[in-house]
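Given next are the chains, with one letter for each unit.
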Amino acid sequence: MLEAKARWKIAEVTEDEAEDTAGKLAAELSLHPLVARLLAVRGLKRAEDVKRFLYGGAELFHDPFLLKGMAEAVNRIRHSLREGEKIRIYGDYDADGISSTTLMIFLMKRLGASYDTYIPHRIHEGYGLNREALDQAAAAGVKLIVTVDTGISAKEEIAYATGLGMDVVVTDHHEPPQELPDQAAALVNPKQPGCPYPCKELAGVGVAFKLAHALLGELPKELLELAAIGTVADLMPLVDENRLIVKLGLEQMRHTSNLGLKALLDVAGVERGTVNEGHIGFSLAPRINASGRMQHANLAVRLLTTESEQEAEHLAYDLDVLNKERQKTVEDMMKEALALLDGRDLNSQRVIIAAKEGWNVGVAGIAASKLLERFYRPAIVFAVDEKTGLAKGSARSIPGFDIHHALTACSDLLDHFGGHQAAAGLTLRADRIPELENRLSRLAMEELQQEDLMPIIQADLLCSLSETTLPCIEQLSVMAPFGSGNPAPRFVFNKLRIAGKRTMGKDRQHLKLTLEETAEAASACSVEAVSFNCGQAAERLAMASSLDLVGELSVNVWNGSRKAQILIHDMRVSEPQVFDWRGTASRKGMRPPELPEGSGILIFHRGAAEALPQDWRDFPLWLVEEGMEEDPRPMNRTALLTDFAEMRDAVLYTLPSTRESLDKTVALLGKLRRVYAVFADALELDGIRVPDREVFKHFYGLVLREKELNSGDARVWPALKKRFGLEERVSRLVLEIFEELGFVRKEGARYCAAEAVQKRDLTQSALYRRMINQDRMEQLYIYSTAAELRELILEARPGDEESTFESKRRMNP
């Protein structure tokens, strides 16, 4: 068995409903049946809705004036344009804030405005409007501040700005507080009460884009690529307008004329013509964010607005270096955080907090995300300022625990906080961290059940390998861009047989499987599947095991060849596995495998225990003898201290005496997870085949003619081999059978023909019967395939009922 790392949830939809709807969509829109089913389970059941989703363009953008406060914002900005007032764009230091600020720069230039920009320093100033920055703005003659990606919670600061003679237009997308900035000249936020705007989940740059749309009176298509960056980077749901922004923005980015974007794509190693949402999220956004985390966000703004190719190349290189420094900083922080958490009982602790002086607050959110990913619990990472005694931190949470709601309940401890269900930023005195941890943990104990502490993988559909064709996978790509709200399709595959496995990568850190449909499937086919950073699982997966997995479909291109491939997200083996170690464990000098706790070694012949390597004797040893009525017997002290029925991992060290004895033993192991078929006596038995009856007849005839055979004469055995084709050990066994039946008598080294012999059948010899049985056991357990071996060991049958494999062997010897 192999346990899944997550809980798998498949979209709830009745099979008949899905098939009926999908059939109509497939027929009307020429869709692959799997793609049609996928769209149906995602709620797109009408052809017109599917067309809008798959093929909709700029005509689907909403009227920007549906945003509450947009008319007031446009009027106030146009007043500044007419009067020549100086405008300051006040942004934020993350990728959303940076792309918002950049977009506004292009807008202000196009409008001919008198403007400048300001982004606070992440460490020295922190998030949002602050009085010192407002004082500087007033001193510089600024008359209007337009915020982007910030401002909705800045009631006091906006009142202060008004007192300084400046108006503030707020454009933001964060959750509004109960008390809004009532002195703002305009509030534009789709989430504010009373706003009828259809798309509530715009990014900060999405709101800025709508402002540009309203001010220009037309859709500013040239700004879509900037809007796409912030939308993806801020993990906005890629539905409605967000989908349009990213889809059209990517199309523009593939042919961008923005020198900074060109340079950034080049330094990230992304081919411009193939850039997708994944490249934004994992290549562009981290480098843009690195400026605000490690130095100042203005570096990225300069990059995205420069008109000098040389400057663009230099700035892109600088951001790349900063991103590498950021990665190293996070790596060091994680090592220190794990050291701080070492020894703590995290099973009883539902919220994890790590805090230390000297940490970079700019990467606290990344560290918190990594702690959450490692322990799957809400996590907060604080950077403590030794001089002020303040701790600034970032929180990340899991489904089922609203971190913003929890922090609200602890607000009396906090100097400042803000965020949403899954993430938040907060500041408090460092000496209050223990109390915060206690209170959050109590809240988490009340709200989170044990099952909530296991990750969830949401899948769309059950799928068969026969559906994973190249045309189907290629058609799935029309659903892109993928991200939050429109995730890449995930499919569950059940009961796939492992036909091949290997590790790959420089450090063998990745796993590659060849998977086949099981015999129950309607059609036979095989597909390769890859699990990244999961190479260690190869040792825990046995060939021929029945595997369930959840993953994505992709196309693997190698040397011009294109093949369907599954990218594994999680996998499980729900039945016991049989690991085929035949022909390896009996080699001299081989050390015993590392077996998990609860393992035991089974021996089916008492004599075999004497030949057991010393290293194997440290494990619990059990004897299973033919015809035993009682349960297997413990053979060492380790076994005496364990319960046979509780064994989860069993090593079959020798061949079973009979099929029935193995079936009975396996039936006793109700908690069995893994079986290791070693059969260490296999090499010793190899070559011992029971001669047919004609050989016995002619062999006995020779003994009668010669009167005796001298086993001490070295010439005898080569002569017998030449005549009958038998190895020496087989010839000796034949003579022993004759002796047992009374056909010969042994006098020292000589086998002499007996007189007055009674006619007896060979089956009356116990040794002959053992040889026949041994030959059958070898045929079954030594020369079977891995799949056949699994069936023989795990599919116990009553009485003399044949296995499928035995039946095949009997019919096709």
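Each chain has its residues counted from 1, running along the sequence as written. Only residues with pLDDT of at least 70 are given local features in this predicted model, and only at 80 or more are side-chain atom pairs given and counted; all residues enter the totals for whole chains, interfaces and linings. In computing side-chain properties, one takes all heavy atoms of the structure into account and sets aside hydrogens as well as water.

**Things to note about the overall build of the chain**
Worth spelling out the cut-off: By the criteria applied, helices consist of DSSP H or I runs no shorter than four residues and strands consist of E runs no shorter than two, each listed in order from the N terminus. For a compact globule the rule gives 2.2 Å times the number of residues to the power 0.38, and the radius of gyration it is set against comes from C-alpha atoms. Relative accessibility decides the category of a residue: with a 1.4 Å probe and only protein chains considered, values under 20% of the type maximum give buried, values over 50% give exposed, and everything between is partly exposed. The criterion used for residue contact is that any of the two residues' heavy atoms lie within 4.5 Å.
Assigned secondary structure in the chain consists of 27 helices and 27 strands. Compactness check: the chain gives a C-alpha radius of gyration of 37 Å against a globular reference of 28 Å for 813 residues, more than 25% above the reference. Taking the principal axes of the C-alpha coordinates as reference, the chain spans close to 135 × 65 × 50 Å. With 813 residues in all, the chain has 51% of them scored as buried. Partitioning the intrachain contacts of the chain with sequence separation of at least 6 by distance along the chain shows that 68% fall at a separation of at least 24.

**A look at the sheet that holds strand E5 (residues 167-171)**
Applicable threshold: Following DSSP output, two strands are said to pair if at least two bridges run between them. Only C-alpha atoms enter the line fits that serve as axes; for helices the fit covers just the stretch in contact. Angles between N-to-C directions range over 0 to 180 degrees.
Strand order in the open sheet formed by 5 strands is E3-E2-E4-E5-E6, with parallel pairing between adjacent strands. Of all the strands in the sheet, the pair left with one neighbour each is strand E3 (114-118) and strand E6 (186-188). Each strand of the sheet is rotated relative to its neighbour by a mean of 20 degrees, with strand direction disregarded. Alignment of strand E2 (residues 86-90) against E3, held across 5 bridges, turns out to be parallel. Each bridged residue has a counterpart across the sheet, and for Ile89 the counterpart in E3 is Thr117. Packing of helix H4 (residues 70-83) onto the sheet brings it into contact with E2, strand E4 (142-148), E5 and E6, and relative to E4 it is tilted by some 140 degrees.

**Looking at the packing of H4 against helix H8 (residues 204-216)**
Rule in force here: Should the near helix be turned anticlockwise from the far one by less than a right angle, the crossing is termed left-handed; should it be turned clockwise, right-handed. Under this grouping Gly is polar, as are all residues other than the nonpolar Ala, Val, Leu, Ile, Met, Phe, Trp, Tyr, Cys and Pro and the charged Asp, Glu, Lys and Arg.
Running from amino to carboxyl end, H4 crosses H8 at an angle of 65 degrees, the nearest separation of the two axes being 10 Å. Read as a crossing pair, H4 and H8 show a hand that is right-handed. Residues Met70, Ala73, Val74, Ile77 and Arg78 of H4 form the contact with H8, whose participating residues are Lys210, Leu211, Ala214 and Leu215. Taken together, the residues that form the contact of H4 with H8 break down as 7 nonpolar, no polar and 2 charged.

**A short note on the pairing of strand E15 (residues 510-517)**
With 6 of 8 residues buried, E15 lies mostly within the body of the structure. For strand E14 (residues 491-504) and E15, the ladder comprises 8 bridges, and the chain directions are antiparallel. Paired with Gly500 across the two strands is Thr514, which belongs to E15. Hairpin connection of E14 to E15: 5 residues between the antiparallel strands, including Gly505 at a positive phi of 100 degrees.

**What to know about the environment of Ile10**
Relative to the assigned elements, Ile10 resides in strand E1 (residues 7-10). The partly exposed category is assigned to Ile10, whose relative accessible area is 34%. The spacing of Ile10 and Leu461 is 451 residues in sequence and 6.2 Å in space, taken between C-alpha atoms. Sequence-distant contacts of Ile10, that is, excluding residues within four places in its chain, are made with Gln458, Ala459, Asp460, Leu461, Leu462 and Val492.

**A look at helix H22 (residues 693-706)**
Note the threshold: To estimate how far a helix should reach, multiply one less than its number of residues by 1.5 Å. Two N or O atoms form a polar contact when they lie within 3.5 Å of each other; inside protein one atom must be a possible hydrogen donor and the other a possible acceptor, and for residues adjacent in sequence the pair counts only when both atoms belong to side chains.
A rise of 1.5 Å per residue sets the reference length of H22, with its 14 residues, at 20 Å; its end C-alpha atoms lie 20 Å apart and thus fit the reference within 8%. When we look at burial in H22, the residues that qualify are Val695, Phe696, Phe699, Tyr700, Gly701, Leu702 and Val703. Tucked inside the fold, the buried residues of H22 contact strand E25 (708-710), helix H23 (716-724), helix H24 (728-741), strand E26 (744-747), strand E27 (750-753) and helix H25 (766-781). The N-capping residue of H22, defined by a side-chain oxygen 3.2 Å from the backbone nitrogen of Glu694, is Asp692. Looking at the residues trailing H22, positive phi occurs at Lys707, about 75 degrees.

**Re the sheet that holds strand E9 (residues 390-396)**
If you walk across this open sheet you meet the 5 strands as E7-E8-E9-E11-E10, and the pairing is mixed. Each edge of the sheet is formed by a strand with only one pairing partner; in this case those strands are strand E7 (352-357) and strand E10 (416-419). Each adjacent strand pair in this sheet contributes to an overall mean axis angle of 15 degrees, direction not counted. Sheet analysis places E7 next to strand E8 (residues 379-384), joined by 6 bridges and oriented parallel. Directly across from Ala354, in E8, lies its bridge partner Val381. The strands touched by helix H14 (residues 309-341) are E7 and E8; relative to E7, the strand with the most contacts, the crossing angle is about 115 degrees. Of the strands in this sheet, E7, E8, E9 and strand E11 (423-429) touch helix H17 (residues 433-447), which is tilted by about 170 degrees from E7.

**Considerations on the side chain of Glu437**
Along the chain, Glu437 falls in helix H17. Polar side-chain contacts of Glu437 include one of 2.4 Å to the side chain of Arg344. Residue contacts for Glu437: discarding those within four places in its chain leaves Arg344, Gln349, Val351 and Ile353.

**Examining the packing of aromatic side chains**
Counted only if it meets this: By convention, a stacked pair of Phe, Tyr or Trp rings (six-membered ring in the case of Trp) has centres within 6.5 Å and planes under 30 degrees apart, an edge-to-face pair has planes over 60 apart, and any other such pair is tilted. Look at NZ for Lys and CZ for Arg. If either is within 6 Å of the ring centre and within 35 degrees of the ring normal, a charge sits over the ring.
In this structure the tally under the stated criterion is 13 aromatic pairs. For the pair Trp581 and Tyr676, a centre-to-centre distance of 4.5 Å together with 40 degrees between the ring planes defines the contact as tilted. Taken as a pair, Trp581 in the loop between strand E19 (577-580) and strand E20 (599-603) and Tyr676 in strand E24 (residues 674-677) lie far apart in primary sequence, 95 residues in all. Between Trp622 and Phe644 the ring centres are 5.0 Å apart and the planes differ by 70 degrees, which places this aromatic pair in the edge-to-face class. Residue Trp622 is found in strand E21 (residues 621-623), and its partner Phe644 is found in the loop between helix H19 (637-640) and strand E23 (649-652); the two are separated by 22 residues along the sequence. For Trp622, a relative accessible area of 5% puts it in the buried group. Of the aromatic side chains, those joined through ring pairs into one cluster are Phe696, Phe699, Tyr700, Phe724, Phe738, Phe743 and Tyr768. Positioned above the aromatic ring of Trp8 is the side chain of Arg572, whose terminal nitrogen or guanidinium carbon lies 3.9 Å from the ring centre.

**Looking at the pairing of strand E18 (residues 561-572)**
Pairing between strand E16 (residues 526-531) and E18: 3 bridges, direction parallel. Within E18, the position partnered with Val530 by the bridge is Leu567. Direction of pairing for strand E17 (residues 546-558) relative to E18: antiparallel, over a ladder of 11 bridges. Counted as the bridge partner of Asp548 is Arg572 from E18. Between E17 and the antiparallel strand that follows it, E18, lie 2 residues; Asn559 among them carries a positive phi value of about 55 degrees.

**Quick look at unusual backbone geometry**
Following Ala480, the chain continues to Pro481 via a peptide bond in cis, the omega torsion being 5 degrees. With respect to the element layout, Pro481 can be found in the loop between helix H18 (470-476) and E14. Unlike most non-glycine residues, Asn559 shows phi in positive territory, near 55 degrees. If you trace the backbone, Asn559 turns up in the loop between E17 and E18. A relative accessible area of 71% places Asn559 in the exposed class.

**Here's the deal with the pattern of salt bridges**
The criterion, for reference: Counted as salt bridges are all cases of a side-chain nitrogen of Lys or Arg within 4 Å of a carboxyl oxygen of Asp or Glu.
For the coordinates displayed, the defined rule picks out 46 salt bridges. Where Glu435 meets Arg439, a salt bridge forms, and the shortest distance between an N and an O atom there is 3.9 Å. With a gap of 4 residues between them, Glu435 and Arg439 both fall in helix H17, about one helical turn apart. With relative accessibility at 34%, the residue Glu435 sits in the partly exposed group. Taking relative accessible area as the criterion, Arg439 reaches 18% and is therefore assigned buried. Here Arg790 ties to Glu575 by a salt bridge, and the two come within 2.4 Å at their closest N and O atoms. Placement of Arg790 in helix H26 (residues 786-794) and of Glu575 in the loop between E18 and E19 is noted, with a sequence separation of 215 residues between them. Overall, the relative accessible area of 14% leaves Arg790 in the buried class. A single network of salt bridges, built from pairs that share partners, joins Glu708, Arg745, Glu747 and Arg750.

**Topic: the confidence of the model for the chain**
Keep this limit in mind: Values of pLDDT, ranging from 0 to 100, describe the predictor's confidence in every residue of the model.
When pLDDT is averaged along the chain, the result is 90; 93% of the residues meet or exceed 70. Below pLDDT 50 for its whole length, residues 797-801 participates in 13 contacts with residues either more than four positions away or in separate chains.

**Some thoughts on the environment of Leu39**
One can find Leu39 in helix H2 (residues 33-41). The buried category is assigned to Leu39, whose relative accessible area is 0%. Leu39 sits 36 residues away from Glu3 along the chain, and the two C-alpha atoms are 30 Å apart. Those residues within four positions of Leu39 in sequence are excluded, and the remaining contacts are Leu31, Leu44, Val50, Phe53, Leu54 and Met479.

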